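Working through the structure, step by step
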Amino acid sequence: MAPEHPLLTVVVASLVLAGMVLLSARPPSVSEHSSSENASDPASEVAQTPPALGEPDGLTMVEAESVVGVSEAELSYDGGVPASVTFPVIPNAEPLTAFLERRLGEEVRAFETAAPGAVSFEAAWNLTTAGDGLLGVRMTRTETDSEGPKEGYTTYWYDTATAEHHPSTALLAGQEELERLNELVRERAVGVGGDHGAVDTSSIHPISALYDSVGFNPDGDLVVEFDTGQVAPVEEGRVHAVIASEEARDLLSEVGARVRDAATVGVERFEIAAPPQADKDGRRDDRVPGELPAVDQDVDCSAPDTTCVALTYDDGPGGRTPELLDLLAEYDARATFFVSGYPIMENPYTVRRAYAEGHELANHTLSHPDLASLGPDGVRSNLDPVQALVYRETGYTMDLMRPPYGSTDEGVASVTADMGLAQILWSVDTNDWKDREALVVASRALDGASNGAIILMHDIHDTTIDASHTIIRELDARGYTMVTVSQLLGTTVPGETYIAGVPEPGDEVADDV
């Protein structure tokens, strides 16, 4: 039967059909929220993401309550200095816990060993990043010695999937990128009052001990921070540099880019759902930026067409050691510095520079005693502080030592073997400590020079620095390659004594830090 109003029926049917088409074409999200007072579009959803917390000149901060199950542990330290150190414990991040406990214990012991008049060590933690499978743990410590308290900072990074823990320099793509960052930091570093002029920029070098607290501010700018008194007078407080995100972008490693992206997003809830699927303890197998080898892989002292000699300098650093470093750089030469405890304390910036410029640092005891006349405890107590001093300044653990006067015996060999230190003597003695005449010293060094020679000098004497100008210039003219002791000898055995030599062909040249 025909409808009574055919026109009206057609109009209604057309409207219904059009409505069905429109509904089918609209995005589901719009449809779901169109009638709700709580409807949200993509823009409002982005706005609901919490902003990252922190100040423009500092690393971002994550509230501990945002991390599921986080608790706090206190370090158990059995040394002679009172230590109050806490660190985070996070479920399913056991490798991180083990690493922090081990590393913080090492830091306390290094402070106690290196600092005369060490009084106390305190450290507390905060989280700086928690996201994208990454955690950032920033430690703030207060070291108190006879000169008073000093505050310092170290930031560690942890991958929850691989269990790898990274130092801050791992945020950089390589040593070249760290060196570029170092140039920017020298230009931008300021103290708490914003004073750039108070910063000793010549003391800032691209080494791991200085770049041990690096992260990002809420805007994604790279932030580098230095300990109190490390690169400026103590009264300048925490020295820092902020590098704009656009400038820093090309300097970052893959880990660094991930950290930046995770750090710049606020955290409401972070949970590590399962333990890492890794068959190791999280230690990195590779060298990170700022950890510098004592050898040059482009030099092969065992090659028949290469003549190598090792210049070694004892008892420093001295007042004119920077001049010697300038001279070595001019001739692209490397040397080995057997450093002593008290000169290190007086010239820490020189120690940093020598390491940063590729020279080898080795242990020459705290107070220059005859080690063979001491018992095992006396030998160790004269070597331990120098190990700690150099490590705290550079991040480098030395594996060579030289006994003062060349005095050694089985007892010294036993202690040095236990400490991982090979004993290095010499094949050419310039007697520069006795005969303070530059021409005499230079003549002895040059007359004794031969392939594989280890030449003994002391960089605390003006006449030795004067002689070195002649020695280095003439050795270069004669075609010698001036290398570190480790480059010359190749792999050494802790406790063993070495006088001279070159590595055998095919001998592995050690380049560990």
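Given the structure is predicted, the values throughout are model-derived calculations rather than measurements.

Conventions we followed
Residues numbered from 1 in each chain as written. Predicted model: local features only at pLDDT ≥ 70, side-chain atom pairs only at ≥ 80, totals over all residues. Heavy atoms only, no water. Helix = DSSP H or I, 4+ residues; strand = E, 2+ residues; numbered from the N terminus. Buried < 20%, exposed > 50% of the residue type's maximum accessible area, 1.4 Å probe, protein only. Contact = heavy atoms within 4.5 Å. Areas by Shrake-Rupley, 256 points an atom, 1.4 Å probe, with all protein chains shown as cover. Pairing = 2+ DSSP bridges. Axes fitted to C-alpha atoms, helices over the stretch in contact; angles between N-to-C directions. Salt bridge = Lys/Arg side-chain N within 4 Å of Asp/Glu carboxyl O. pLDDT = per-residue confidence, 0-100. Core = buried A, V, L, I, M, F, W, Y, C linked by side-chain atoms within 4.5 Å. Expected span 1.5 Å × (residues − 1). Phe/Tyr/Trp six-rings, centres within 6.5 Å; stacked < 30°, edge-to-face > 60°. Disulfide = S-S within 2.5 Å.

**Here's the deal with the overall build of the protein**
- Across its full length, the protein holds 15 helices and 18 strands.
- Within the protein, buried positions represent 50% of all 513 residues.
- For the protein, restricting intrachain contacts to residue pairs at least 6 apart in sequence, the fraction spanning at least 24 positions comes to 70%.
- For the protein, the exposed area adds up to about 23,300 Å²; of that, 50% sits on carbon and sulfur atoms.

**Quick look at the environment of leucine 222**
- Note on placement: leucine 222 falls in strand E8 (residues 222-226).
- Given the relative accessible area of 0%, leucine 222 is considered buried.
- Residues leucine 222 and valine 242, 20 residues apart in the sequence, show an inter-C-alpha distance of 5.7 Å.
- Those residues in contact with leucine 222 that sit more than four places away from it in its chain are Leu181, Val214, Gly215, Phe216, Ala241, Val242, Ile243, Ala248 and Leu252.

**Here we look at the pairing of strand E5 (residues 148-159)**
- Within E5, nine of the 12 residues are buried, which leaves it mostly tucked inside the rest of the structure.
- Note: strand E4 (residues 134-145) against E5, 12 bridges, orientation antiparallel. Within E5, the residue paired with glycine 136 across the bridge is tryptophan 157.
- Hairpin connection of E4 to E5: two residues between the antiparallel strands.
- Across two bridges, E5 lies against strand E6 (residues 165-166) in antiparallel orientation. What sits directly across from tyrosine 158, in E6, is histidine 165.
- The turn linking E5 back onto E6 is made up of five residues, and alanine 163 within it adopts a positive phi angle of 70 degrees.

**Digging into the sheet that holds E8**
- Taken in spatial order, the three strands of this open sheet run E7-E8-E9, and their pairing is antiparallel. The open sheet terminates on both sides in strands that have one partner only, identified here as strand E7 (214-216) and strand E9 (239-243). With direction set aside, neighbouring strand axes in the sheet form an average angle of 25 degrees.
- Taken together, the five bridges between E8 and E9 define a ladder with antiparallel strand orientation. Residue pairing across strands places valine 224 opposite alanine 241, the latter belonging to E9.
- Sitting on the sheet, helix H5 (residues 175-188) is in contact with E8 and E9, with an inclination near 115 degrees to E9.

**Some points on unusual backbone geometry**
- Each neighbour pair has its own omega, and for glycine 316 with proline 317 the value is 5 degrees, a cis peptide bond.
- Relative to the helices and strands, proline 317 resides in the loop between strand E10 (308-314) and helix H8 (321-330).
- Of note in the backbone geometry, threonine 365 takes a positive phi value of approximately 75 degrees without being a glycine.
- A residue is classified by how much of its surface remains accessible, and threonine 365, at 0% relative accessible area, is buried.
- The phi torsion at histidine 368 lies on the positive side, around 60 degrees, for a residue other than glycine.

**Topic: the pattern of salt bridges**
- Inspection of the entire model under this criterion finds 24 salt bridges.
- For the salt bridge of glutamate 147 with lysine 150, the shortest nitrogen-to-oxygen distance reads 3.7 Å.
- Between arginine 320 and aspartate 466 there is a salt bridge; the shortest N-O distance is 2.8 Å. Of the two residues, arginine 320 sits in the loop between E10 and H8 while aspartate 466 sits in helix H14 (residues 462-477), which places them 146 residues apart along the sequence.
- With relative accessibility at 35%, the residue aspartate 466 sits in the partly exposed group.
- Through salt bridges with shared partners, one network takes in Arg141, Glu143, Asp227 and Arg392.

**Considerations on the environment of glycine 220**
- Relative to the assigned elements, glycine 220 resides in the loop between E7 and E8.
- Overall, glycine 220 belongs to the buried group, its relative accessible area being 4%.
- Taking the C-alpha atoms as reference points, glycine 220 and alanine 244, separated by 24 residues in sequence, lie 7.7 Å from one another.

**Brief notes about the confidence of the model for the protein**
- Considering every residue of the protein, the mean pLDDT works out to 90; 87% of them sit at 70 or more.
- Here residues 1-46 is modelled with pLDDT under 50, and outside its nearest four sequence neighbours on either side it reaches five contacts, counting other chains as well.

**Topic: the nonpolar core**
- Core analysis: the largest hydrophobic core is formed by 73 residues, its most contacted members being Leu181, Tyr211, Leu311, Phe337 and Leu361.
- Considering every element that reaches this core, the biggest residue donor is H14, with five residues.
- Formed by 30 residues, the second largest nonpolar core is a distinct cluster that contains Leu75, Tyr77, Met139 and Ala163.

**Section: the sheet that holds strand E3 (residues 120-131)**
- Overall, mixed pairing links the six strands, which are arranged E1-E2-E3-E4-E5-E6 in an open sheet. Of all strands in the sheet, those bounded by a partner on one side alone are strand E1 (71-74) and E6.
- Judged from the three bridges that link them, strand E2 (residues 83-89) and E3 form a sheet pairing that is parallel. Bridging across to E3, serine 84 finds its partner in glutamate 122.
- On top of the sheet, helix H4 (residues 94-114) reaches E2, E3, E4, E5 and E6; it is set at about 165 degrees to E2, its chief contact.

**Quick notes on H5**
- Relative to the 20 Å expected for 14 residues at 1.5 Å per residue, H5 spans 20 Å between its end C-alpha atoms, a close match to the ideal helical length.
- Residues Glu177, Leu178, Leu181, Asn182, Leu184 and Val185 constitute the buried set of H5.
- On the buried face of H5, the contacting elements are E8, E9 and helix H6 (245-248).

**Describing the packing of aromatic side chains**
- Within this structure, the stated rule accounts for five aromatic pairs.
- Aromatic side chains phenylalanine 111 and phenylalanine 121 sit 5.8 Å apart centroid to centroid with 55 degrees between the ring planes, which places their arrangement in the tilted category. In this pair, phenylalanine 111 is assigned in helix H4 and phenylalanine 121 in strand E3, connecting sequence segments 10 residues apart. For the pair phenylalanine 111 and phenylalanine 121, one class covers both residues: buried.

**Section: the state of the cysteines**
- In total, this model carries one disulfide according to the counting rule given.
- One disulfide bridge connects cysteine 301 with cysteine 308, the sulfur atoms lying 2.2 Å from each other. Disulfide cysteine 301 to cysteine 308: torsion about the S-S bond roughly -90 degrees, handedness left-handed. There is no split in this pair, since cysteine 301 and cysteine 308 are both buried.

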